[in-house]
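Analysis of the macromolecular model
The primary structure of each chain is shown beneath.
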Protein chains: 6
Amino acid sequence: MRPSERTPNQIRPVTFTRQYTMHAEGSVLVEFGNTKVLCTASVEAGVPRFMKGQGKGWVTAEYGMLPRSTHTRNNREAARGKQGGRTMEIQRLIARALRAAVDLKALGENTITIDCDVIQADGGTRTASISGACVALVDALTYMRAKGMINTNPLQHMIAAISVGIFNGEPITDLEYIEDSQAETDMNVILTETGKIIEVQGTAEGEPFSFDELEQMLSLAKHSIREIIDIQKQALA
Amino acid sequence: MRPSERTPNQIRPVTFTRQYTMHAEGSVLVEFGNTKVLCTASVEAGVPRFMKGQGKGWVTAEYGMLPRSTHTRNNREAARGKQGGRTMEIQRLIARALRAAVDLKALGENTITIDCDVIQADGGTRTASISGACVALVDALTYMRAKGMINTNPLQHMIAAISVGIFNGEPITDLEYIEDSQAETDMNVILTETGKIIEVQGTAEGEPFSFDELEQMLSLAKHSIREIIDIQKQALA
Amino acid sequence: MRPSERTPNQIRPVTFTRQYTMHAEGSVLVEFGNTKVLCTASVEAGVPRFMKGQGKGWVTAEYGMLPRSTHTRNNREAARGKQGGRTMEIQRLIARALRAAVDLKALGENTITIDCDVIQADGGTRTASISGACVALVDALTYMRAKGMINTNPLQHMIAAISVGIFNGEPITDLEYIEDSQAETDMNVILTETGKIIEVQGTAEGEPFSFDELEQMLSLAKHSIREIIDIQKQALA
Amino acid sequence: MRPSERTPNQIRPVTFTRQYTMHAEGSVLVEFGNTKVLCTASVEAGVPRFMKGQGKGWVTAEYGMLPRSTHTRNNREAARGKQGGRTMEIQRLIARALRAAVDLKALGENTITIDCDVIQADGGTRTASISGACVALVDALTYMRAKGMINTNPLQHMIAAISVGIFNGEPITDLEYIEDSQAETDMNVILTETGKIIEVQGTAEGEPFSFDELEQMLSLAKHSIREIIDIQKQALA
Amino acid sequence: MRPSERTPNQIRPVTFTRQYTMHAEGSVLVEFGNTKVLCTASVEAGVPRFMKGQGKGWVTAEYGMLPRSTHTRNNREAARGKQGGRTMEIQRLIARALRAAVDLKALGENTITIDCDVIQADGGTRTASISGACVALVDALTYMRAKGMINTNPLQHMIAAISVGIFNGEPITDLEYIEDSQAETDMNVILTETGKIIEVQGTAEGEPFSFDELEQMLSLAKHSIREIIDIQKQALA
Amino acid sequence: MRPSERTPNQIRPVTFTRQYTMHAEGSVLVEFGNTKVLCTASVEAGVPRFMKGQGKGWVTAEYGMLPRSTHTRNNREAARGKQGGRTMEIQRLIARALRAAVDLKALGENTITIDCDVIQADGGTRTASISGACVALVDALTYMRAKGMINTNPLQHMIAAISVGIFNGEPITDLEYIEDSQAETDMNVILTETGKIIEVQGTAEGEPFSFDELEQMLSLAKHSIREIIDIQKQALA
């Protein structure tokens, strides 16, 4: 029995609230149960220096947690004077995943910056971020076409992500904090809408895991991501 | 005529949504029109080193803007590696104001940290922050009494804040961004529920202003803050 | 009775020593009793990037305290690797005040940087800094005219500043450290030579204060600043 | 045909030179072809603050590249004033993997710090680092037993790592820089000597990859890691 | 002929003004011609962590230049967020020299921090700093004896410093900025009152120099330092 | 008797291994006994901004110690977020010395960056660095001529460095760590192949030293450096 009383392959209620704030070209509040992340997409003409003159665009991402999005207060990274390793790792992951969803040539020399700020954390903030960021990205691309900044749709495929794990020896999907903190293995999977792999990251927290368990977790992830992509599409409809 | 089409002494719709997030001991979303700030109060036993052994508590505050809470994206302070001067100035102001509302002795050797994070900015984020933080503080103090951390109520008086200014030669209250950016003078006023002054900060943005204008702005502020304190009290009822 | 044995409206001996150091275009040692601040004005052709192409100049300021300008040694900010919140707040205040004294268009695309370094502190370092910086600024503008960098005088009015407060329930002017550290209320006022307001910042250190007390402090400040502006003018004569 | 002229499942010559430097408790130069990393293990009594009083030890890791270990010179992170995101990500990966190889209880309240410094880079520095660090760790544990710091061997299993990828549509193992920079997919796999998974990280650099390709890459990795663990054991014999 | 019109072995007018500021236990304004440095010595009970429990004291130093102490304005190190290499090098030199003048055992577990802040620079700021710091140190030690913090005089010998160089092929002493910037060789010498060497640092700016030239410069330095030590002693009399 | 059992004027075995790594234009492992430093020279077209348009090149240097190159582990400077004072001092010394060996005009607008990374430390790392860096520099200059980047040889003279000191009252050369840590005086000398002085830095660690002792140490240094330059030349032959 999961602490969340969900079945092993049952995800939490997932919602995407578009136009959540008014300034950003894409602004989505994504909720996976109690995990809530504000994902904004900001469009800017031009690209960073290292990309100049290649006729291609750029997609980047930054991630942060509000200090009291968690059970106990975390120090504010701006006050500490640097982003921690976990933050860096997550924002690199988000950016890489979104770049893999976009044809940078079709984007022209424009930059889209995705900000994922965790309002409330209850496990799975990085995968919720990626799933929400994809919706914000779509809105930003729609804005760009409306403004004549691009002529074709650079989106190659929708992407979504889920965390899966081994809990009490059984594979489960979409771990809440209480499940995550006790899981033996934690795996984040990012897939396209056609079921291909963008990124897989599986880590043994305690005991190493078997190739069998890996396969079971991947299968759960595939199923859950199909559900999430359906919800994304409904939100965008 | 104000760009906002409000009368000179008319504040925007003000709301305080308590228990906005689930982890913090006090969590309030304050809205002044389109300005939205999440104010959380975190309670911790113990005090910072410089306060130890005095039998008194401590109240501190941090302030941040989400990168895309504004018209164009601001760099993330955590990524830049330091908080800017404006941020520092505002969080020092918030903390000072809240300390002036609390009897630190009655708080015992406990610390309350207020985080004010701007979700959406449309002028007056610092005064909205202070007004919302006061409500979050009250909730945190209630939590502490319920937990037996304190025996009496350390709150000496509710406080609230408003920005007032001179726009086209006329004093107006609760400036939106578009008004603020064109105002000749900008003043932030923090008062207690009994109409006494916690802090007054008036700055000539362009032309110096007269003592008469100062008096008119103060009078507007007094009136607006009375309204805000009423709304705070209804929210807390 | 004030600890300083001065009457409530009596300022300390104030002096401005021009050409205190030899390299800066304006260099003034300002003394308010035992508070001594070296204010230098450095002229540079060109403006910072965000001001380029507007045909306007820029005035900025930095503030620092020598580590042992105070009773006990303060850590050196350069060694700590960042400027503290108080320093940031003060240098922003000084810069804002001086910009309000100058017609930036008349300055052309030139930058004046004011450095205020506290040699010895005994209360009122920020208001002494502003009063001294104005004299250094005048000298720098004179230098620029002599060099043909500008054709008209960009100075719109002399400015000066004073700190006033409530001590033992009575309003007093120009607080020394010992008075400042025990005051209930502390207010910094910056006025033009014509008695208009550039900036007012009043803070309740302990008890909130009344609108009456505010008025009394402002009246004291007005009187003291008139005296300081006279001394500035004599120094410049 | 691979640019390296190796067969798809052929790893480069792998060597572990123990006692490469004289001060560290474990010191191993690991070479995967032209990739050369110095891995040192430093033993210290005591644990970091957050681990105190749990009767457990700690294993941590840091990673760095010498500025000219690469084709063109990289800026020195110490001079830039911070470690980049890639560095952080890699050193977190190394530390996590080694902790999964060790019984922290059997380590007692001692800390082992692994430093992996890349002398020469030609692809696969992170997986070479992990493979070399495991050998250095074994030497450090032997030292600790000899000194009486521990009574049992905390090592639960040898671990080793390899990078595999899809190159020209075909899965290959142990990518050199020239292969890595053109690969469609890049995956790092860390296994125990018993063939269980410690960590799997697969990333689509260009095109998303299929579950089939994932399986093929995993199978290559399994085979290569078995070879590397044999070489580790010979080196330790 | 030297640009300064001085003879090769003629130092500039040197003065030490004691009790230059009121808070520090030792406070000396040292002037070597137009070079002016404020040297303060701050006494604190206790020693830094790495010195604890050895029954010895500690002497350390920090150095800074006011931004406009120089011909053109230097960026403020506190604002840049770090001390430059030159600053670090100089403050390490000052501290080392002063520690060599003091019997740290006789100092007890107390710390003296010397701050050397350059008010006006015209060459030789580091050697003026050391010469002035020694006088401030003596005053601080006198204070400590008066307060009963120490029973004997920890000073082993007065020290002073001078810069010498090769200018137009000829050795000269006490270089002003204009001489320094054109010198072929620059050497800083720190001696005790008994003519023994504390530190010698000679650098070829352009052409390497000969052992003969080294000897001539050392001989000039010896002579100049004797003069400076006389002036120090008069100041302390 | 020296702890190293060497005679006072006997240097350790000195070797220079060229082409130690494959990417750098010059790459030399220098060994002075157990002290091992990897010196790489990286060639880049162009010069830093402050050198632009002068028709001259630039030579700069950076220095670092691997965390466990020493007896006990040193914190990694990249992780601490800044280079320490000792590191800064040493890299400034190395750069200055190499620039004194090169005709910057003959170098054209090109930059050579020397990285000296200590693999294993046993005293004299800075002087070994300089001696090794000179060999790497020669290789980089040869590379530049071969590539047609320069037409003449900018090297004016080979340089080498040695540390000498007073140990038990007697002057000795090339101090190992155990000697260095107990020496009364420590002096670093950098000479050209023609025996002229590039830099001399002598520091009294405990007792001040005499002019006689200085002369004896210099004489030892002269002799040792002649030996080292012979070995450099053999390595380059």
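Residues numbered from 1 in each chain as written. Chains lettered and ligands numbered in written order. Predicted model: local features only at pLDDT ≥ 70, side-chain atom pairs only at ≥ 80, totals over all residues. Heavy atoms only, no water.

1. Details of the UniProt feature "binding site: phosphate" (unreviewed entry) in chain A
Residues given the UniProt feature "binding site: phosphate" (unreviewed entry) here are A:Arg86, A:Gly124, A:Thr125 and A:Arg126. Their sequence span is 41 residues, while the largest C-alpha to C-alpha distance among them is just 13.4 Å; these annotated residues converge on one region. Turning to its location among the elements, A:Arg86 is positioned in helix H2 (residues 85-99). Apart from the residues lying within four places of it in its own chain, the contact partners of A:Arg86 are A:Tyr63, A:Met65, A:Thr125, A:Arg126 and D:Arg92. Relative to the elements of secondary structure, A:Arg126 occurs in helix H3 (residues 125-146). The contact partners of A:Arg126, leaving out residues within four places of it in the chain, are A:Arg86, A:Glu89, A:Ile90, A:Leu93 and A:Asn188. (UniProt positions renumbered as here; feature names shortened; annotations may be inferred. Helix = DSSP H or I, 4+ residues; strand = E, 2+ residues; numbered from the N terminus. Contact = heavy atoms within 4.5 Å.)

2. Examining the interface of chain A and chain D
Each partner contributes residues to the interface: chain A has 27 residues there, and chain D has 27 residues. The junction of chain A with chain D conceals about 2,800 Å² of combined surface from both sides, 61% of it contributed by carbon and sulfur atoms. D:Glu89 is the partner of A:Arg96 in a salt bridge, and the nearest nitrogen-oxygen pair spans 3.8 Å. Counting across the interface, chain A meets chain D through 10 residue pairs in polar contact (both at pLDDT 80 or more). (Buried area = accessible area lost by both parts, 1.4 Å probe. Salt bridge = Lys/Arg side-chain N within 4 Å of Asp/Glu carboxyl O. Polar contact = N/O pair within 3.5 Å; in protein donor to acceptor, adjacent residues only side chain to side chain.)

3. Observations regarding a positive patch on the surface
Taken together, A:Arg49, A:Lys52, C:Arg49, C:Lys52, F:Arg49 and F:Lys52 make up a surface patch of like positive charges. Among the structural elements, A:Arg49 can be located in the loop between strand E3 (35-45) and strand E4 (58-65). (Patch = residues over 30% accessible without salt bridge, like charges linked within 9 Å, V, L, I, M, F, W, Y side chains within 5 Å. Areas by Shrake-Rupley, 256 points an atom, 1.4 Å probe, with all protein chains shown as cover. Lys, Arg positive; Asp, Glu negative; His and termini not counted. Charge placed at Lys NZ, Arg CZ, Asp CG, Glu CD.)

4. Comments concerning the packing of aromatic side chains
In the structure shown here, the tally under the stated rule is six aromatic pairs over all chains. Ring geometry for B:Phe50 against B:Trp58: centres 5.1 Å apart, planes inclined by 90 degrees, an arrangement best described as edge-to-face. The lysine or arginine in question, B:Lys222, covers the ring of C:Phe211, its NZ or CZ lying 4.1 Å from the ring centre. (Phe/Tyr/Trp six-rings, centres within 6.5 Å; stacked < 30°, edge-to-face > 60°. Lys NZ or Arg CZ within 6 Å of the ring centre and 35° of its normal.)

5. Examining the confidence of the model for chain A
On average, residues of chain A carry a pLDDT of 97, and 100% of them reach 70 or more. For this predicted complex, the interface score ipTM comes out at 0.96, while the overall pTM is 0.95. (pLDDT = per-residue confidence, 0-100.)

6. A word on a negative patch on the surface
The grouping of A:Asp212, A:Glu215, D:Asp212 and D:Glu215 at the surface amounts to a negative patch. Sorting the residues of the negative patch by element identifies helix H5 (211-236) of chain A together with helix H5 (211-236) of chain D as the ones contributing at least two each. Considering the arrangement of structural elements, one finds A:Glu215 in helix H5. On the accessibility criterion, A:Glu215 (53% relative accessible area) is exposed. (Buried < 20%, exposed > 50% of the residue type's maximum accessible area, 1.4 Å probe, protein only.)

7. Quick notes on the sheet that holds strand E9 (residues 197-204) of chain F
Taken together, eight strands build an open sheet; the order of strands is E7(E)-E6(E)-E8(E)-E9(E)-E9(F)-E8(F)-E6(F)-E7(F) and the sheet is antiparallel. Strand pairing shows two members of the sheet lacking a second neighbour, strand E7 (170-173) of chain E together with strand E7 (170-173) of chain F, which therefore form its edges. Pairs of neighbouring strands in the sheet enclose a mean axial angle of 20 degrees, with direction left out of account. The sheet contact formed by strand E9 (residues 197-204) of chain E and E9(F) spans five bridges and is antiparallel. Paired with E:Thr203 across the bridge in E9(F) is F:Glu199. Each of strand E6 (159-167) and strand E8 (185-192) of chain E is contacted by helix H3 (residues 125-146) of chain E, which is oriented at about 165 degrees to E6(E), the strand it contacts most. (Pairing = 2+ DSSP bridges. Axes fitted to C-alpha atoms, helices over the stretch in contact; angles between N-to-C directions.)

8. So, the relation of the copies chain A and chain D
Under the fitted operation, chain A is carried onto chain D by 0.0 Å of movement along the axis and a turn of 180 degrees, and the coordinates agree to an RMSD of 0.0 Å. Expressed as an axis order, the relation between the two copies is that of a two-fold axis. When C-alpha distances to the rotation axis are compared across chain A, the minimum falls at A:Gln201, with a value of 2.2 Å. (Least-squares fit on C-alpha atoms with pLDDT ≥ 70 in both.)

9. Examining the pattern of salt bridges
Within the structure shown, the criterion is met by 108 salt bridges over all chains. E:Asp115 is paired through a salt bridge with C:Arg73; the nearest N and O atoms lie 2.6 Å apart. Residue E:Asp115 is found in strand E5 (residues 110-120), and its partner C:Arg73 is found in the loop between strand E4 (58-65) and helix H1 (77-80); the two belong to separate chains. Note on E:Asp115: relative accessible area 1%, which makes it buried.

10. Some thoughts on the sheet that holds strand E7 (residues 170-173) of chain A
The strand order across the open sheet formed by eight strands is E7(A)-E6(A)-E8(A)-E9(A)-E9(D)-E8(D)-E6(D)-E7(D), and the pairing between neighbours is antiparallel. The open sheet terminates on both sides in strands that have one partner only, identified here as E7 of chain A together with strand E7 (170-173) of chain D. The mean angle between the axes of side-by-side strands here comes to 20 degrees, regardless of whether they run parallel or antiparallel. Bridge count for strand E6 (residues 159-167) of chain D against strand E8 (residues 185-192) of chain D is eight bridges, and the pairing is antiparallel. Counted as the bridge partner of D:Ile162 is D:Val189 from E8(D). Contacts between H5(A) and the sheet are confined to strand E6 (159-167), E7, strand E8 (185-192) and strand E9 (197-204) of chain A together with E8 and strand E9 (197-204) of chain D, with E6(A) contributing the most and set at about 140 degrees to the helix.

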